[in-house]
Amino acid sequence: MSQPLDLVRLAKSAAAEAGFDLCGIAALGKDKFHELDHFPAWIDAGYAGEMEYLKSRDERGELKRASPRSTAPWARSVIVCAMNYDTRQPYSTQVAHDRSRGWIARYAWSAQDYHAVVLKKLRQVETRVRASVDAFDPPAELITRCYVDTGPHVERVYAKYAGVGWIGKNTCILNEKLGSWVFLGVILTSLELLPDLPAADRCGTCTRCIDACPTHALIAPYKLDATRCISYLTIEKRGDIPQDLRPGIGNHVFGCDICQDVCPWNNGASIAESGDHSLFATAPELQPRNELVNPALAWLAEMGRAEFQQVFRSSPVKRAKYSGLRRNVAVAMGNSGEKKFLPQLERLACDEDSVVQKHAQWALRRLQK
């Protein structure tokens with residue numbers, strides 16, 4: 001079903017009014033996106049680790065994320081929206097000298113979970129598009145679905161073909177203006193909309209992200225072994241973190257920003273120095289809570305379950321769970337070199353949670369060497 005160009009303009013206008021910084025259209029034709037051709041081999045290599053949702057298959061046994069048409073055969077286009085979440089606060093690479101503090105990934109600093117924030121705004125765009133289509137004479141049949149990291153779709157691939165950005169060597173989407181500090185949301189639609197041109201790859205010969213990864217998770221340009229990634233280890237991984245990877249985790253207690261912090265396209269540091277803050281997030285829902293920016297490890301170690309639930313009630317940090325966060329804090333303390341953490345680690349080493357207990361014992365041995 002072919003629609004007027006006005007509908008594309010309306011979608012992009014609605015996205016801007018909803019608070020998105022970027023919007024583009026990708027076509028969902030019969031051909032697969034070639035980036036997804038590598039997905040089955042990536043899964044077969046075990047690089048997804050314990051992230052079972054990435055391995056979901058359709059009734060024919062095909063990986064859902066490798067073939068968007070298998071789960072949405074009605075879809076003809078994707079409206080891709082992106083929202084800036086960069087802030088004035090320094091990067092993790094700029095504050096690494098303070099060993100008494102941990103690091104929570106930049107995207108998890110706000111009071112509200114970005115999934116809910118972005119989805120609400122996506123719904124606004126969807127509503128505008130549907131209202132416009134309902135006014136057609138005769139009315140056009142329309143199917144839409146909104147996703148923010150919640151469906152069997154690889155949003156960054158859609159973002160590339162929608163012209164929003166290219167997929168960098170660290171596997172993050174990169175935009176010339178906003179770098180990689182963007183949240184993506186997509187609306188799959190049965191409308192055939194005029195697509196934007198794909199974004200050109202501008203990584204060039206740069207390998208800063210690959211060189212900077214402490215756990216060597218970027219095993220080749222554009223290829224991530226998630227089982228070695230600090231974000232995976234501190235969020236998705238349950239139970240024990242492999243001992244050989246614990247030192248590389250450093251002070252990270254939830255997620256990691258290093259491969260983004262060192263990227264030349266992320267110019268937040270230079271923006272902060274110049275005083276030009278026009279490229280920072282303006283949405284009130286995405287403003288950081290100061291206590292979550294480079295938080296004190298001692299505070300996190302003493303946090304009870306009730307306080308955890310209160311502090312992270314609407315935060316992505318909940319995904320690590322109370323046990324996982326305390327496990328990560330023990331590892332960060334062990335990597336700190338700070339013997340002042342010994343009393344807290346001794347208490348954690350006797351914790352009723354066996355996972356926390358084992359990681360605290362490891363941290364004690366590391367500090368006592």
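Conventions and cut-offs
Residues numbered from 1 in each chain as written. Predicted model: local features only at pLDDT ≥ 70, side-chain atom pairs only at ≥ 80, totals over all residues. Heavy atoms only, no water. Helix = DSSP H or I, 4+ residues; strand = E, 2+ residues; numbered from the N terminus. Rg over C-alpha atoms; globule rule 2.2 N^0.38 Å. Buried < 20%, exposed > 50% of the residue type's maximum accessible area, 1.4 Å probe, protein only. Lys, Arg positive; Asp, Glu negative; His and termini not counted. Charge placed at Lys NZ, Arg CZ, Asp CG, Glu CD. Core = buried A, V, L, I, M, F, W, Y, C linked by side-chain atoms within 4.5 Å. Contact = heavy atoms within 4.5 Å. Expected span 1.5 Å × (residues − 1). Salt bridge = Lys/Arg side-chain N within 4 Å of Asp/Glu carboxyl O. Polar contact = N/O pair within 3.5 Å; in protein donor to acceptor, adjacent residues only side chain to side chain. Pairing = 2+ DSSP bridges. Axes fitted to C-alpha atoms, helices over the stretch in contact; angles between N-to-C directions. Phe/Tyr/Trp six-rings, centres within 6.5 Å; stacked < 30°, edge-to-face > 60°. Lys NZ or Arg CZ within 6 Å of the ring centre and 35° of its normal.

K.L.:
Break down the overall build of the protein for me, citing the residues and quoting the values.
P.N.:
Secondary structure summary: the protein contains 15 helices and 10 strands in total. Against the compact-globule benchmark of 21 Å for 369 residues, the protein has a radius of gyration of 22 Å, which places it among compact chains. In terms of its C-alpha atoms, the protein occupies a principal-axis envelope of roughly 75 × 50 × 45 Å. Buried positions account for 53% of the 369 residues belonging to the protein. Taking the average place of the 47 positive charges on the side chains of the protein and the average place of its 43 negative ones, the gap between the two points comes to 3 Å.

K.L.:
If you had to explain the nonpolar core to someone new, which residues and values would you point to?
P.N.:
If you look at the biggest cluster of nonpolar residues, it comprises 63 residues, and the most contacted ones within it are Trp42, Ile104, Val253, Phe312, Val317, Val329 and Leu345. Non-local contacts of Phe312, meaning those with residues more than four positions away in its chain, are made with Ile104, Arg289, Leu292, Leu300, Met303, Val317, Lys318 and Leu325.

K.L.:
Describe in detail helix 13 (residues 321-336), supporting the description with residues and values.
P.N.:
Its 16 residues give helix 13 an end-to-end C-alpha distance of 22 Å, which sits within 8% of 22 Å, the value for a rise of 1.5 Å per residue. For helix 13, the tally of buried residues reaches 14 of 16 residues, placing the bulk of the element in the interior.

K.L.:
A description of the pattern of salt bridges should follow, citing residues and the corresponding values.
P.N.:
On inspection of all chains with the given rule, the structure shows 17 salt bridges. With a shortest N-O distance of 3.6 Å, Glu285 and Lys121 are connected by a salt bridge. Note that Glu285 is positioned in the loop between helix 10 (268-274) and helix 11 (297-302) and Lys121 in helix 4 (residues 114-134), a separation of 164 residues in sequence. Exposure remark for Lys121: the relative accessible area of 10% places this residue in the buried category. Residue Glu236 is joined to Arg319 by a salt bridge in which the shortest nitrogen-to-oxygen separation is 3.0 Å. Here the residue Glu236 occupies a position in helix 7 (residues 230-236), and Arg319 occupies one in the loop between helix 12 (305-311) and helix 13, the gap between them amounting to 83 residues.

K.L.:
Please provide a residue-by-residue account of the side chain of Asn294, values included.
P.N.:
Along the chain, Asn294 falls in the loop between helix 10 and helix 11. Judged by its relative accessible area of 9%, Asn294 is buried. Within the local environment of Asn294, its side chain forms a polar contact with the backbone oxygen of Gly102, the two atoms lying 2.8 Å apart.

K.L.:
Pulling in residues and values, what's your account of the pairing of strand 2 (residues 77-84)?
P.N.:
Of all 8 residues in strand 2, 8 are buried, a share of seventy percent or more. Where strand 1 (residues 22-27) meets strand 2, 6 bridges bridge the pair, whose relative direction is antiparallel. From the neighbouring strand, Cys23 faces strand 2, where its bridge partner is Cys81.

K.L.:
Explain the sheet that holds strand 4 (residues 144-147) residue by residue, including any values.
P.N.:
Judged by pairing direction, the sheet is antiparallel, and its 4 strands sit side by side in the order 1-2-7-4 without closing on themselves. Edge positions in the sheet fall to strand 1 and strand 4, since each has one partner strand and no second. For this sheet, the mean inter-axis angle between neighbouring strands, taken without regard to orientation, is 20°. Alignment of strand 2 against strand 7 (residues 182-189), held across 8 bridges, turns out to be antiparallel. Across the sheet, the residue bridging to Cys81 is Gly185, located in strand 7. Of the strands in this sheet, strand 2, strand 4 and strand 7 touch helix 4, which is tilted by about 35° from strand 7.

K.L.:
Tell me what's going on with helix 15 (residues 354-367), and back it up with residues and numbers.
P.N.:
Look at helix 15: 20 Å from first C-alpha to last across 14 residues, which is about the 20 Å you get at 1.5 Å a residue. Considered for burial, the residues of helix 15 that qualify are Val355, Val356, His359, Ala360, Trp362, Ala363, Leu364 and Leu367. Against helix 8 (246-249), helix 13 and helix 14 (342-348) lie the buried residues of helix 15. Two to three positions downstream of the cap, the backbone nitrogen of Val355 sits 2.9 Å from a side-chain oxygen, assigning the N-cap of helix 15 to Asp353.

K.L.:
Please give an account of the environment of Ile235 that cites residues and values.
P.N.:
Here Ile235 is to be found in helix 7. For the pair formed by Ile235 and Val253, sequence separation is 18 residues and the distance between their alpha carbons is 8.6 Å. With residues up to four places along the chain from it excluded, the contact list for Ile235 reads Tyr107, Phe254, Gly255, Arg319 and Ala320.

K.L.:
Give me the lowdown on the packing of aromatic side chains, citing residues and values where you can.
P.N.:
For the structure on display, the rule yields 13 aromatic pairs. Through pairs of rings, three or more aromatic residues link up here, namely Tyr85, Tyr91, Tyr107, Tyr114, Trp181, Phe183 and Phe254. Between Arg106 and the ring centre of Trp181, over which it is positioned, the NZ or CZ distance is 5.4 Å.

K.L.:
Break down the environment of Leu184 for me, with residues and values.
P.N.:
Structurally, Leu184 is set in strand 7. Considered as a pair, Leu184 and Leu348 are 164 residues apart in the sequence and their alpha carbons are 38 Å apart. If sequence neighbours within four positions are ignored, Leu184 has contacts with Val80, Cys81, Ala82, Val118, Val148, Glu155, Arg156, Ala159, Val164 and Ile173.

K.L.:
Which residues make up unusual backbone geometry, and what values do they have?
P.N.:
Notably, Asp149 is not glycine yet its phi reads approximately 60°, a positive angle. Tracing the chain through its elements places Asp149 in the loop between strand 4 and helix 5 (155-161). For Asp149, a relative accessible area of 42% translates into the label partly exposed. The phi angle at Thr171 is positive, at roughly 75°, despite the residue not being glycine.

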